[in-house]
Amino acid sequence: MRRMSLVLAACCCAAPGIAWSQQADSPQEREVARQRLEARINSQDRIRVLTAWGQAELYQPVLSSEALNYGRGRLLGPTQPGSPEGERMLPEGFPRALQLSQVSEIQVRGAATKRGLLIGSVAFGALGLGLGVAMTEECSGFIDLFCGLDAGDVVIVTAGSAVVGGIVGALIGSVTKRWKTVYRGAG
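Residues numbered from 1 in each chain as written. Predicted model: local features only at pLDDT ≥ 70, side-chain atom pairs only at ≥ 80, totals over all residues. Heavy atoms only, no water.

A.B. asks: Could you clarify how one ought to interpret the environment of G128 in this entry?
C.D. replies: One can find G128 in helix α3 (residues 113–134). For G128 and G160, which are 32 residues apart along the polypeptide, the C-alpha to C-alpha distance reads 7.8 Å. With near-sequence residues (within four places) excluded, G128 lies in contact with V157, T158 and S161. (Helix = DSSP H or I, 4+ residues; strand = E, 2+ residues; numbered from the N terminus. Contact = heavy atoms within 4.5 Å.)

This is the structure in structure tokens:
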């Protein structure tokens, strides 16, 4: 029986690697990925790109099969000598239509809902676990409302706290915006 369990465990561990190695990056899959990237970028008011000129913020981006076009842009980072503070112009020679081969990375603004859910669940779950363990003590007086919990009750308190924390974290994360990388160039 033990030998069969080991064989089963080995097969379960090897199966994802086998499936991954059999996946081919077909032209259809690349086209679908390109369309998703276009939809993601074209729905944004602004994006950040990393190029040989540095990191830039581009407004009204439109990605097509030809190039990444934009309405206006600004360079992020230190200002150029002689320019007023806060005014960061795109450097001379920065193309109006960027080819993806000229872009190392593209970032879009997105909500931190998943991160908030995870942080809230873990934090409130740990708090619920501590509270549940503290409530396992014997009842010693009439004022003790929450005492004498068993292991099943502690699990319920912990899970309930994690769910509540996840909801609170997701709500907070949904209004918190952060930059997410949606494209990395090859090389």
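A.B. asks: What's the story with the sheet that holds strand β5 (residues 72–75) in this structure? I'm lost.
C.D. replies: Spatially, β5-β2-β1-β7-β8 is the arrangement adopted by the five strands of the open sheet, whose pairing is antiparallel. Whereas interior strands pair on both sides, the edge strands pair on one side only; in this sheet they are β5 and β8 (177–184). When strand polarity is set aside, the average angle formed by the axes of neighbouring strands in this sheet is 30 degrees. In this sheet, strand β7 (residues 103–111) lies alongside strand β1 (residues 46–51) in antiparallel orientation, the contact comprising five bridges. Among the inter-strand pairings, V49 is bridged to a residue of β7, identified as I106. Contacts from helix α2 (residues 27–42) reach β1, β7 and β8 within the one sheet, and its direction differs from that of β8 by about 150 degrees. (Pairing = 2+ DSSP bridges. Axes fitted to C-alpha atoms, helices over the stretch in contact; angles between N-to-C directions.)

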